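Listed below are the residues making up each chain.
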There are 2 protein chains.
Amino acid sequence: MTTIRDVAKHANVSAATVSRVLNKKGYVSKEAEEAVLTAIKELNFRPNAVARTLYNKSSRMIGLIVPDITNPFFPELARAVEDVALTYGYTVVLCNADGNVEKEHNYIEALKQKYVDGIILTTNQLSFSDEEEVGVPMVALDRIIGSKIPTVVSSNEEGGAAAARHLIENGCRFLAHLRGPKGLATAEDRLSGFRKVVEQSGVANVIVEADFHFEKSEQVTAKLLEHHPTIDGIFASSDVSAAGAIKAATAMGKKVPDDLQVIGFDGIPFGEMLVPSLTTIAQPIYKMGAMAARLLIKLIENKPLERFYYELPTELIKRQTTRRKEENNE
Amino acid sequence: MTTIRDVAKHANVSAATVSRVLNKKGYVSKEAEEAVLTAIKELNFRPNAVARTLYNKSSRMIGLIVPDITNPFFPELARAVEDVALTYGYTVVLCNADGNVEKEHNYIEALKQKYVDGIILTTNQLSFSDEEEVGVPMVALDRIIGSKIPTVVSSNEEGGAAAARHLIENGCRFLAHLRGPKGLATAEDRLSGFRKVVEQSGVANVIVEADFHFEKSEQVTAKLLEHHPTIDGIFASSDVSAAGAIKAATAMGKKVPDDLQVIGFDGIPFGEMLVPSLTTIAQPIYKMGAMAARLLIKLIENKPLERFYYELPTELIKRQTTRRKEENNE
DNA sequence: ATGATATCTGTAACCGGTTACACATTTTGA
DNA sequence: TCAAAATGTGTAACCGGTTACAGATATCAT
């Protein structure tokens, strides 16, 4: 491996001068600069990132901690974060905390040790309270931690309300909500929006817990439809969860959307791949990731933030798992 | 940040002794060890990973380069790699090359600079030929690079053959294969297996190119079914691609599996979420990832490899998009 | 008793960049 | 014309661990 001192020798200057050329910092004469540049070319020199990081206490990396890389929502988010990070010259380190608080802590510690410049946290888990003491710039994404940590979420409550409204407008008389994990702010907000609309309109409804996963949602829905065969509208708190609901319903002989309408939440490409394609409350996933990355970088570079809380609008995407019923029976 | 010298001062020993305690290397007296351990506790000292890496030229990290984190196949693989890596004390850095050769190169360079101990390459892209000169242990996963690089793949050819056989046994008379990208060994092998069976049995067939993506497969299938309305069996070279085919067929009023049977390739959880659930040739995704990780770690630790080429068996998983036709018409 | 070996510890150099500082030389401006 | 400011460059210390080496004791074998 070529070092800066090899280059220096080759160019007949000191290591300091080479460093100055590399960083375009301080005074360097034209001749020296040229000599260094040629030497760098000839020796195919690349400055050692680790040595740099050690002195600078900055690695130009940002950590992105996700709860479940297997849920397509997060890769989507990761891409956005990465795109923005790369344009600002940062590299992204993706960490899969697996919904495990301990693993999350370990990653945060490991990242700090690696001198990452900042961390974006998207964990499902409700974990710790001492985030302020982490000592590294942090941004919360699709998750609410505390008032001191800049936060990017979508309008979960309004989205939940919109989902309920859509089902009701489509003629559903008995709604179910497959809510997300308890204690998770985004899930609570979706529930709360749903509840408000449903209570206000007086539509029959039932709420059951299903984490965001497919199998669990399938099981829960099967049980739910058994107990309440007249349910004709389901709002699932994630698209994957909605797929589970559809699966269970179909297995019981219910037709979607004729017997049962289903609406998801997230707006991942996955929803379009289903047949029938999934109606959903879409989050602006890419925008959320991009915004979180930009906020973090501002934080890192000590630029002022206008706000600490950004709520991006969700959008109802009507596809084939819901449709307006004709006014007919009853 | 507490350094090793702070600890040394606190324990009344030299930094060298502290380092010896940390690494359990060399002679240290009981008393000294205890003093150091207490000092470490009291100061809450964590050795700096970057400094360590700089001297050791090893970061205990391994890089995993994937072509498209958005394709659920890869997160699945990543989890396996991570699981194994963690048990051996390595951290995984996930890089999304985006099917972009240049990005892949950049990542490899960046990883080398960070002193990663090894790299697992899974890229779709056919990229470069000088892998032997990378200078870092490497393993190819789901991709064939060169004879010098240990390789883990599944039995793509046999899988392709099994897919064709299954469709034929189920009574299909006119098969189509949505092949993967040209030049990609895994895609070629699947095609080759398919072709052999089809030629041997004399079944009518047509082959069209569709990368592994959903939209492309949907478009290609729509065109295909328009030109050849009598196609009654499709083998898609990925599960996501199969979903695209199903979508297109359904949009044209064809029923799956009654009018058209579809079989995918990969065996990602996604296939089960579809309605009807997807028949597929499943790769042992987790095993592949785990094996690649173990191979890489052996390589890193200079342990001997038994072989340089591991082909893991695929498995036909019959679900709802295929089914035996009764002998009836014609 | 005595040389050989094992145990213990500290000093200083090293990994590969970065930069404060000192010292020169050149340019500016009054 | 001469001090002040700007420009150019090298030395050496630093980031925070690691380790070769040397010197000091303790233990062992003969």
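Please refer to the structure higher up on the page.
Just so you know, the residues in each chain are numbered from 1, in the order the chain's sequence is written. Note on labels: chains are lettered from A, ligands numbered from 1, in written order. Given that the model is predicted, a residue must reach a pLDDT of at least 70 before its local features are reported, and side-chain atom pairs must reach 80 or more before they are shown or counted; all residues, however, enter totals for whole chains, interfaces and linings. Where side-chain values are given, they derive from all heavy atoms of the structure, hydrogens and water being excluded.

This part covers the nonpolar core. We call a set of buried Ala, Val, Leu, Ile, Met, Phe, Trp, Tyr and Cys residues a nonpolar core when their side-chain atoms join them within 4.5 Å. Relative accessibility under 20% of the residue-type maximum defines a buried residue, over 50% an exposed one, and the middle range a partly exposed one, all with a 1.4 Å probe and only protein chains included. One finds Ile231 of chain A together with Ile231 of chain B to be the most contacted residues of the largest nonpolar core, which totals 115 residues. Apart from residues lying up to four places away in sequence, Ile231 of chain B is in contact with Phe174, Ala176, Val206, Leu224, Leu225, Lys254, Asp259 and Leu260 of chain B. The contact criterion used is simple: two residues touch if any of their non-hydrogen atoms lie within 4.5 Å.

Take the protein's contact with DNA strand C next. Neighbouring residues are identified by heavy atoms, a residue being near a molecule or strand if any of them is within 4 Å of it. If you check the shell around DNA strand C, you find 31 residues, and the closest are Ile4, Arg5 and Arg52 of chain A together with Arg20 and Tyr27 of chain B. In DNA strand C, the atoms that sit within 4 Å of the protein are 60% sugar and phosphate, with bases accounting for the remainder. Contact distances for DNA strand C include 2.4 Å between a base oxygen and a side-chain N or O atom of Arg20 of chain B. The definition of a polar contact used here is a pair of N or O atoms within 3.5 Å, where within protein one atom must be able to donate a hydrogen and the other to accept one, and adjacent residues in sequence count solely through side-chain atom pairs. Within the side chain of Lys57 of chain B, an N or O atom sits 2.6 Å from a phosphate oxygen of DNA strand C. For the purposes of this entry, the term helix denotes a DSSP run of H or I that reaches at least four residues, the term strand denotes a run of E that reaches at least two, and both are numbered from the N terminus. Elements supplying a minimum of two residues to the surface near DNA strand C: helix H1 (4-11), helix H2 (15-23) and helix H4 (49-56) of chain A together with helix H2 (15-23) and helix H4 (49-56) of chain B. We call Asp, Glu, Lys and Arg charged. Ala, Val, Leu, Ile, Met, Phe, Trp, Tyr, Cys and Pro are nonpolar, and the rest, Gly among them, are polar. Residues that form the surface near DNA strand C fall into these classes: 14 nonpolar, ten polar and seven charged.

With that settled, the discussion passes to the interface of chain B and chain A. Taken together, the contact between chain B and chain A spans 41 residues of the former and 41 residues of the latter. Buried area: the accessible area, evaluated with a 1.4 Å probe, that two parts lose upon being put together, summed over both parts. Both faces combined, the contact of chain B with chain A buries some 3,900 Å², and carbon together with sulfur accounts for 59% of it. Ranking the residues of chain B by area buried against chain A places Gln113, Met273 and Val275 of chain B at the top, with a combined share of 17%. Whenever Lys or Arg places a side-chain nitrogen within 4 Å of a carboxyl oxygen from Asp or Glu, that contact is recorded as a salt bridge. For Asp98 of chain A, the salt bridge identified is with Arg79 of chain B, shortest N-O distance 3.0 Å. Our count for the contact surface shared by chain B and chain A stands at eleven residue pairs in polar contact (both at pLDDT 80 or more). When residues of the side of chain B that touches chain A are traced back to their parent elements, those giving at least two are H4, helix H5 (73-87), strand E2 (91-96), helix H6 (101-113), helix H10 (239-251) and helix H11 (270-273) of chain B.

For the rest of this paragraph, the subject is the pattern of salt bridges. On inspection of all chains with the given rule, the structure shows 26 salt bridges over all chains. The salt bridge involving Arg46 of chain A is made with Glu109 of chain B; its shortest N-O contact spans 3.9 Å. Residue Arg46 of chain A is located in the loop between helix H3 (30-43) and H4, and its partner Glu109 of chain B is located in helix H6; the two belong to separate chains. Arg46 of chain A gets classed as partly exposed once you look at its relative accessible area, which sits at 42%. Among the residues examined, Glu109 of chain B registers a relative accessible area of 30% and is labelled partly exposed. Across the pair Asp98 of chain B and Lys103 of chain B runs a salt bridge whose closest N-O atoms are separated by 3.2 Å. Using a relative accessible area of 28% as the deciding quantity, one classes Asp98 of chain B as partly exposed. Taken together, the shared-partner salt bridges in this structure form one network comprising Arg79 and Asp83 of chain A together with Asp98 and Lys103 of chain B.

Right, let's talk about the sheet that holds strand E7 (residues 204-209) of chain B for a bit. Residue and element names in this part refer to chain B. The six strands lie next to each other as E7-E6-E8-E9-E10-E12, forming an open sheet whose pairing is mixed. Lying at the two open borders of the sheet, with one neighbouring strand each, are E7 and strand E12 (315-317). The sheet shows a mean angle of 20° between the axes of neighbouring strands, taken without regard to direction. The pairing criterion is simple: DSSP has to find at least two bridges between the two strands. Judged from the three bridges that link them, strand E8 (residues 233-236) and strand E9 (residues 261-266) form a sheet pairing that is parallel. Across the sheet, Ile234 pairs through a bridge with Val262, a residue of E9. Between the N-to-C directions of two axes lies an angle of 0 to 180 degrees, each axis being a line fitted to C-alpha atoms and, for a helix, fitted only over the stretch in contact. Each of strand E6 (174-179), E8, E9, strand E10 (279-282) and E12 touches helix H7 (residues 156-169); the most contacted strand, E9, lies at about 165° to it. Strands in contact with helix H8 (residues 185-201) are E6, E7, E8 and E9; relative to E6, the strand with the most contacts, it is inclined by about 170°.

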